[in-house]
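A look at the structure
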Amino acid sequence: MTGAAAMRGRIRLVSLDCDGVMTDGTLFYGEDGRQWRAFHVHDGVGIRMLIEAGLEVAFVTASRTAAIERRAEVLGVKHCLVGVGDKMAALVDLCGRLRIGLDAVAHMGDDLNDLPVLRAVGLPATVPNAVPAAHAVAGYTTARAGGTGAVREFAEWLLAGRDPAGEGV
């Protein structure tokens, strides 16, 4: 069993970047200047699967839009950290409040601002369309690109490493 596969049963918090992971990274701007994003329905199902399995889920993103907050609300994600300049500090704070060590966190990110978190967590994950530096530290890379069901793929893989009682294998 690889290091990432061995780790997946110990994960208690799944932290997700938004742009490039839950979306394909494309930003649409309306005539009024508002940003729009497209989220994949399969990722939503994957996020719900994680929550129903008893895992905490957090969105940790530098972006600050109502669309991301609304997506979190619709999916039942309690920890929606938007407009985050320092993802590491935000995640450390959240872990402290939840009493979860960084070694029990999986973070899925794709860009340079995710690197400190990817280097610090127990299970760093990325998508094929991530920057090379993210691939260099990732323990798991999805086959699906960001915004095309990558989060669902990761959720299914992660949950396959847990026993029915929710304990690690």
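As a reminder, the structure under discussion sits directly above these lines.
Before going into details, it helps to say that this report is about the structure given with it. All values derive from a computational prediction rather than experimental measurement.

Structural notes on the overall build of the chain
When you go through the chain residue by residue, the secondary structure sums to seven helices and eight strands. A principal-axis box enclosing the C-alpha atoms of the chain has dimensions of 50 × 30 × 30 Å. Evaluated residue by residue, the chain yields a buried proportion of 48% over its 169 residues. Restricting the contact set of the chain to residue pairs at least 6 apart, pairs at least 24 apart contribute 53%. Counting only carbon and sulfur atoms, one obtains 53% of the accessible surface of the chain, whose full area is about 7900 Å².

Some thoughts on the pattern of salt bridges
Tallied over the full model, the rule gives seven salt bridges. Notably, a salt bridge pairs Arg 37 with Asp 19, separated by 2.6 Å at the nearest N-O pair. With a gap of 18 residues between them, Arg 37 in the loop between β3 (35-36) and α2 (41-52) and Asp 19 in the loop between β1 (13-16) and β2 (28-29) connect regions that are remote in the sequence. Residue classification places Asp 19 among the buried residues on the basis of a relative accessible area of 18%. Residue Glu 73 pairs with Arg 70 through a salt bridge whose shortest N-O separation is 3.2 Å.

Examining the nonpolar core
The biggest cluster of nonpolar side chains holds 36 residues, and the ones touching the most others in it are Val 14, Leu 16, Ile 47, Phe 59, Met 108, Phe 154 and Leu 158. Ranked by residues supplied to this core, first place goes to helix α7 (residues 150-160) with seven residues. With sequence-adjacent residues up to four places away left out, Phe 154 is seen in contact with Val 14, Ala 106, Met 108, Leu 123, Ala 125, Tyr 140 and Thr 142. Membership of the second largest hydrophobic core comes to 15 residues, among which are Val 84, Met 88, Leu 91 and Cys 95.

Structural notes on the environment of Ala 133
Relative to the helices and strands, Ala 133 resides in helix α6 (residues 132-137). A residue is classified by how much of its surface remains accessible, and Ala 133, at 29% relative accessible area, is partly exposed. Note: C-alpha distance between Ala 133 and Val 77 (56 residues apart in sequence) is 28 Å. Among all residues touching Ala 133, those that are not within four sequence positions of it are Leu 112 and Leu 115.

Some points on the sheet that holds strand β5 (residues 79-81)
Read across the sheet, six strands follow the order β5-β4-β1-β6-β7-β8 without closing on themselves; strand pairing throughout is parallel. Two strands bound the open sheet, and with one partner strand each, they are β5 and β8 (140-141). With four bridges joining them, β1 and strand β6 (residues 105-108) adopt parallel strand pairing. Along β6, the bridge assignment pairs Ser 15 with His 107. Against the sheet, α2 contacts β1 and β4 (56-60), and its axis sits at roughly 135 degrees relative to β4. Sitting on the sheet, helix α4 (residues 87-98) touches β1, β4, β5 and β6, and the angle it makes with β1 is about 155 degrees.

Brief notes about the pairing of β6
The side-chain alternation of β6 yields two buried faces, one formed by Val 105 and His 107 and the other by Ala 106 and Met 108. The pairing of β6 with strand β7 (residues 123-126) spans three bridges and is parallel. Across the sheet, the residue bridging to Ala 106 is Leu 123, located in β7. Between β6 and its parallel partner β7, the chain crosses via helix α5 (residues 115-120), and the hand of that crossover is right-handed.

Cut-off values and rules
- Residues numbered from 1 in each chain as written.
- Predicted model: local features only at pLDDT ≥ 70, side-chain atom pairs only at ≥ 80, totals over all residues.
- Heavy atoms only, no water.
- Helix = DSSP H or I, 4+ residues; strand = E, 2+ residues; numbered from the N terminus.
- Buried < 20%, exposed > 50% of the residue type's maximum accessible area, 1.4 Å probe, protein only.
- Contact = heavy atoms within 4.5 Å.
- Areas by Shrake-Rupley, 256 points an atom, 1.4 Å probe, with all protein chains shown as cover.
- Salt bridge = Lys/Arg side-chain N within 4 Å of Asp/Glu carboxyl O.
- Core = buried A, V, L, I, M, F, W, Y, C linked by side-chain atoms within 4.5 Å.
- Pairing = 2+ DSSP bridges.
- Axes fitted to C-alpha atoms, helices over the stretch in contact; angles between N-to-C directions.
- Right-handed = clockwise from strand over helix to strand, strands pointing away.

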